[in-house]
Amino acid sequence: MTHTLSPELASQFARIALGHVTREYPNKLDHVMAGDEAAVSVRALHPIFYGSFDWHSCVHGYWLLARLKRRFPALPEAQAISGLFDAAFTEANVAAERAYLAEPLSGGFERPYGWAWLLMLAAELKSHEDGAGARWSTALTPLAEAFAERFKSFLPKATYPVRTGVHTSTAFALRLAMDYAETCGDAELAALIPATLKAWHAEDADAQAWEPSGDAFLSPVLMEAEALRRALPEDQFQAWFFAFLPRLAASDPPALFVPATVSDRSDGKIAHLDGLNFSRAWCFRALASALPETDPRRAVMLDAAERHLDASLPHVAGDYMGEHWLASFALLALEA
């Protein structure tokens, strides 16, 4: 079967996210303390994004809710989402989130993963056409612009990419940030991202795919390819992609095509592997969409996407270690 995002599944995802974006504890802070005075509650530091176990998961929990509300206006949870957003996206709350970035030791806060997800949330809210959506978008804009400026300062000095399957992945971050740059009209960032990706990856070829790592939720190989697909003109991408994965039609490298086994979903790091299955499915579907209908690589990748979704879609909820974030990655895969 081909997995799709049905209204029923959208409602399930919305209920999951509504159950955790305002759940303050347990919480894993990204917080550098300069003294005893910095020992304050999560909500005091982050009046919007204090839930969902960590800041970035809370951000993309809000992204998921905003996206589902726009995709499915009759969603049973729509009213609850609107009420939540009205309370969260106020000028005062956004100013407090932005003030945290001005702290002397906050330069590395959530770099680059949380930066990218905040920009994705801003891009999603920018796409809302109703009055409430415009109000939320306007409120969040100062925080989004602050993170966009961080990308503009960071990328020119980032001599090398970070080729991981976890939060430090630069390919993942730039893939998301490109959506923001185009949707929100940031021409400088929209030019900087492709230039950076080409500088990092233009010569990459014959990828070997030594994966998965035991706590990965991203495929370094497929994520790089998806970032280049998003950023490059079609003809440039096609030539690069063939050189990067020249035996893809034969399901090679084989490691990419075997869904990850998750041995313990109560272990937060091992539970990342469900996310790997979703992010691979996302990349496989998106990359397949860039190929001609007659290209044999399409069927290979689309089949792999379904098998990866089969492996992890039943496990979006059940243990908080996965439940606080997996639905967002499932949504990326289902919408690709």
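I will try to describe carefully the structure that is included in this document. (Residues numbered from 1 in each chain as written. Predicted model: local features only at pLDDT ≥ 70, side-chain atom pairs only at ≥ 80, totals over all residues. Heavy atoms only, no water.)

### Considerations on the overall build of the chain
Regarding its fold elements, the chain presents 15 helices and 0 strands. In terms of C-alpha radius of gyration, the chain reaches 19 Å, essentially the compact-globule figure of 20 Å for 336 residues. Overall size of the chain, expressed as C-alpha extent along the three principal axes, is 55 × 45 × 40 Å. With 336 residues in all, the chain has 56% of them scored as buried. (Helix = DSSP H or I, 4+ residues; strand = E, 2+ residues; numbered from the N terminus. Rg over C-alpha atoms; globule rule 2.2 N^0.38 Å. Buried < 20%, exposed > 50% of the residue type's maximum accessible area, 1.4 Å probe, protein only.)

### Section: the packing of aromatic side chains
The tally for this structure, following the rule as stated, stands at 26 aromatic pairs. Ring plane angle 70° and centroid distance 5.0 Å describe the contact between Phe 85 and Trp 136, whose orientation is recorded as edge-to-face. With Phe 85 in helix H4 (residues 78-88) and Trp 136 in helix H7 (residues 131-154), this pair connects stretches of sequence that are 51 residues apart. For the pair shown, Phe 85 and Trp 136 are each scored as buried. Their ring planes at 70° and their centres at 5.6 Å tell us that Tyr 113 and Phe 217 sit as a pair that is edge-to-face. Taken together, the residues span a long stretch of sequence, with Tyr 113 in helix H6 (residues 113-126) and Phe 217 in the loop between helix H9 (187-201) and helix H10 (220-231) at a distance of 104 residues. (Phe/Tyr/Trp six-rings, centres within 6.5 Å; stacked < 30°, edge-to-face > 60°.)

### Observations regarding the nonpolar core
With 112 residues, the main nonpolar core has Phe 13, Phe 49, Tyr 62 and Phe 89 as its most contacted residues. For this core, the element with the highest residue contribution is H6, accounting for 11 residues. Residues in contact with Phe 13, not counting those within four places in the same chain, are Leu 5, Leu 64, Leu 68, Leu 313, Val 316, Ala 327, Ala 330, Leu 331 and Leu 334. (Core = buried A, V, L, I, M, F, W, Y, C linked by side-chain atoms within 4.5 Å. Contact = heavy atoms within 4.5 Å.)

### Comments concerning the packing of helix H8 (residues 170-183) against H10
One can describe the packing of H8 onto H10 by two numbers: an axis separation of 8 Å at closest approach and a directional angle of 20°. What the angle tells us is that H8 and H10 run roughly parallel. Remark: the crossing between H8 and H10 carries left-handed chirality. Side by side, H8 and H10 meet where Ala 171, Phe 172, Arg 175, Met 178, Asp 179 and Glu 182 of the first sit next to Met 223, Glu 224, Glu 226, Ala 227, Arg 229 and Arg 230 of the second. Taken together, the residues of the contact of H8 with H10 break down into 5 nonpolar, no polar and 7 charged. (Axes fitted to C-alpha atoms, helices over the stretch in contact; angles between N-to-C directions. Parallel < 35°, antiparallel > 145°, perpendicular 65-115°, else oblique. Left-handed = near helix turned anticlockwise from the far one by under 90°. Nonpolar A, V, L, I, M, F, W, Y, C, P; charged D, E, K, R; others polar.)

### Here's the deal with helix H11 (residues 234-244)
Along H11, the residues that are buried comprise Phe 237, Gln 238, Trp 240, Phe 241 and Phe 244. Looking at the buried residues of H11, the elements they touch are H9, H10, helix H12 (272-289) and helix H13 (296-312).

### Details of the packing of H7 against H9
Closest axis-to-axis distance for the H7/H9 pair is 10 Å, and the angle between their directions is 40°. Accordingly, the angle class assigned to the pair H7 and H9 is oblique. Handedness of the H7/H9 crossing: left-handed. Where H7 abuts H9, its residues Ala 148, Phe 151 and Lys 152 lie against Glu 188, Leu 189 and Leu 192.

### Points about the environment of Ala 122
Mapped onto the fold, Ala 122 is located in helix H6. When residues no more than four places from it in sequence are discounted, the contact partners of Ala 122 are Leu 140, Ala 144, Tyr 180 and Cys 184.

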